Amino acid sequence: MSVQTLLLDFSIDPARLGDESGQKTVFEQLETVLKEYLPNLILAADIKVEGGSLKVLTGKKGATVSIRLFDRGLVTVNIEYYKEDSEEPLISFKSARVLEGRLKKYITFIKSQAYAPIKRCLFSRYYPTSDERLLEYDIDGVLFDEQSPFQRVQIVHSKSLGNMLVLDDLQNIAEADLIYTETLMQRGKESYEGKEIVILGGGDGALLYELLKEKPKFVWMLEIDELVMQACNKHLRSICGDVLERRKGPNYEIIVEDCMLTVNKFIKENKKVDFIFGDLTDIPISESACGELWEFMITILQAAFKILKPTGKFMTHGNGATSPESLELYEEELMKLKPAVEYTKSKAFVPSFLEDWIFYQISFKSNDNGDA
């Protein structure tokens, strides 16, 4: 069950909407055609607003239609009604397209656009891209939805992607996203056999699960949010196996606390590792490298390189390829690190993100090392 919202936009000669009389004529033409598709429509409100007018109609089963006429030549029609899952739509996208064509022919619009229905309910089907475009997913249910001390944790089910982890209304990883983990770890390009590894974050368990297949010497996974691990252990076993249930094995340990506590402990002990994975926040989308998230990210980078062997690497995800400005800001921050570092980048299309994602492999610059 959901509230269905259909949107139609029209461009019209501004001269036809330049005064109250013209707007009334166009509205009456719209109303005549709309009544053929939405039974029992009656005018409930007629409001004069700056730059035009707003008409609100009501119809069958509580449907509402708002028609906004702008004197600059734009007309918007918003149709909204409540639909049970078992019910046929009052007006579908197909019939909305027919309606669009009928209106365009009847009233002679210059341009028009009908949009697929927006389905608004108690769980979201819509998540943003990295550059804040809205994507609709084929989500048909919520398996888990709780608030931890740190974030809202959800597991939703997608017909095409399988179960998917959503944190604070942002998609994180789905059962279809092995490519994300394999690109992050550069599978086939890096050797993890016999290596010591630290994962900063990684609460879904997918990275740890895949790294253990590479026969490392030892992996420390540092995750702060117990609830994330509980949810993924129950609903994402296909990508994390049983590592989140066992928490500790002969060559790995999951430590549930702020990752900086263990990192600072390693710094104090002068411990060095071969690989560090930054599986925490994405690179922030902003105009400058300032603010709490940037400070957190830079602090993590500075601390991580203090426990990295001279030949080691810091592996992390960046952000979407459609956000080049923020990626450039991140790279500028990398160039400020001391000792100096160098980096390579990889790109992969991540199914649950529905876009290309950028991954970084960062190491000490040649002729530099972690002792400098």
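A few points on the structure.

Criteria and thresholds
- Residues numbered from 1 in each chain as written.
- Predicted model: local features only at pLDDT ≥ 70, side-chain atom pairs only at ≥ 80, totals over all residues.
- Heavy atoms only, no water.
- Axes fitted to C-alpha atoms, helices over the stretch in contact; angles between N-to-C directions.
- Helix = DSSP H or I, 4+ residues; strand = E, 2+ residues; numbered from the N terminus.
- Parallel < 35°, antiparallel > 145°, perpendicular 65-115°, else oblique.
- Left-handed = near helix turned anticlockwise from the far one by under 90°.
- Contact = heavy atoms within 4.5 Å.
- Nonpolar A, V, L, I, M, F, W, Y, C, P; charged D, E, K, R; others polar.
- Pairing = 2+ DSSP bridges.
- Phe/Tyr/Trp six-rings, centres within 6.5 Å; stacked < 30°, edge-to-face > 60°.
- Lys NZ or Arg CZ within 6 Å of the ring centre and 35° of its normal.
- Disulfide = S-S within 2.5 Å.
- Buried < 20%, exposed > 50% of the residue type's maximum accessible area, 1.4 Å probe, protein only.
- Expected span 1.5 Å × (residues − 1).
- Arc of directions from axis to C-beta.

### Looking at the packing of helix H8 (residues 259-268) against helix H9 (residues 292-304)
Between two packed helices, the angle of one axis relative to the other and the distance separating the axes together describe the packing.
1) Next: Packing of H8 against H9 leaves a shortest axis separation of 10 Å and a crossing angle of 30°. Accordingly, the angle class assigned to the pair H8 and H9 is roughly parallel. When you trace H8 past H9, the crossing you get is left-handed. Between H8 and H9, the residues in contact are Cys259, Met260, Val263 and Ile267 and Thr299, Ile300 and Ala303, respectively.
2) Next: Split into classes, the residues belonging to the contact of H8 with H9 amount to six nonpolar, one polar and no charged.

### Some remarks on the environment of Val219
1) Next: Within the secondary structure, Val219 sits in strand E15 (residues 218-223).
2) Next: When residues no more than four places from it in sequence are discounted, the contact partners of Val219 are Ile197, Ile199, Leu208, Leu212, Asn251, Tyr252 and Glu253.

### Some words on the sheet that holds strand E11 (residues 152-158)
1) Next: Across the sheet, which stays open at both edges, the four strands sit in the order E10-E11-E12-E13 with antiparallel pairing between neighbours. Two strands bound the open sheet, and with one partner strand each, they are strand E10 (139-147) and strand E13 (170-174). Across the sheet, the axes of successive neighbouring strands diverge by a mean angle of 25°, strand direction being ignored.
2) Next: Inspection of the sheet shows E11 paired to strand E12 (residues 162-167) by six bridges, in the antiparallel sense. Within the sheet, the bridge partner assigned to Gln154 lies in E12 and is Val166.

### Notes on the packing of aromatic side chains
1) Next: For the coordinates displayed, the defined rule picks out twelve aromatic pairs.
2) Next: Joined through ring pairs, the aromatic side chains of Tyr180, Phe353, Trp357 and Phe359 make up one cluster.
3) Next: The cationic tip of Arg68 hangs over the ring face of Phe70; the distance from NZ or CZ to the ring centre is 4.0 Å.
4) Next: Note that Lys271 overlies the ring of Phe266, its terminal NZ or CZ placed 6.0 Å from the centroid.

### So, the state of the cysteines
1) Next: Enumeration according to the criterion identifies zero disulfides in this entry.
2) Next: The cysteine Cys232 is free of any disulfide, with Cys240 supplying the nearest cysteine sulfur at 6.4 Å.
3) Next: Relative accessible area serves as the criterion here: at 0%, Cys232 is assigned to the buried category.

### Description of the packing of helix H1 (residues 20-37) against helix H2 (residues 93-107)
1) Next: Running from N to C, H1 and H2 cross one another at 145°; their axes reach a closest spacing of 10 Å. The hand of the H1/H2 crossing is right-handed. On the side of H1, the interface is formed by Val26, Gln29, Leu30, Thr32, Val33, Leu34, Glu36 and Tyr37, while H2 contributes Ser95, Val98, Leu99, Arg102, Leu103, Tyr106 and Ile107.
2) Next: For the contact of H1 with H2, the class distribution of residues is ten nonpolar, three polar and two charged.

### A closer look at the sheet that holds strand E18 (residues 273-279)
1) Next: Read across the sheet, eight strands follow the order E16-E17-E15-E14-E18-E19-E21-E20 without closing on themselves; strand pairing throughout is mixed. Pairing within the sheet leaves two strands with one partner each, and these edge strands are strand E16 (248-249) and strand E20 (341-350).
2) Next: Bridging between strand E14 (residues 196-201) and E18 involves five bridges; their strand directions are parallel. Paired with Leu200 across the two strands is Gly278, which belongs to E18.
3) Next: Helix-sheet contacts for H9 involve E14, E18, strand E19 (308-320) and strand E21 (355-364), and the interaxial angle to E19 is about 160°.

### Here we look at H2
1) Next: The end-to-end C-alpha distance of H2, which contains 15 residues, comes to 21 Å, matching closely the 21 Å that a straight helix rising 1.5 Å per residue would cover.
2) Next: All of the buried residues in H2 are Ala96, Leu99, Glu100, Leu103 and Ile107. The buried residues of H2 all sit within an arc of 105° when viewed along its axis, so they share a single face. Across H2 from its buried face, at more than 90 degrees, point the exposed residues Lys94 and Lys105.
3) Next: On its buried face, H2 sits against strand E1 (2-11), H1, strand E5 (74-83) and strand E6 (111-114).

### Quick look at unusual backbone geometry
1) Next: The linkage connecting Lys338 with the following residue, Pro339, adopts the cis geometry, with an omega of -5°.
2) Next: Tracing the sequence through the fold places Pro339 in the loop between helix H10 (324-334) and E20.
3) Next: For Asn40, which is not glycine, the phi torsion reads 65° and is therefore positive.
4) Next: Along the polypeptide, Asn40 turns up in the loop between H1 and strand E2 (42-49).
5) Next: Its identity is not glycine, yet Lys61 carries a phi of approximately 55°, on the positive side.

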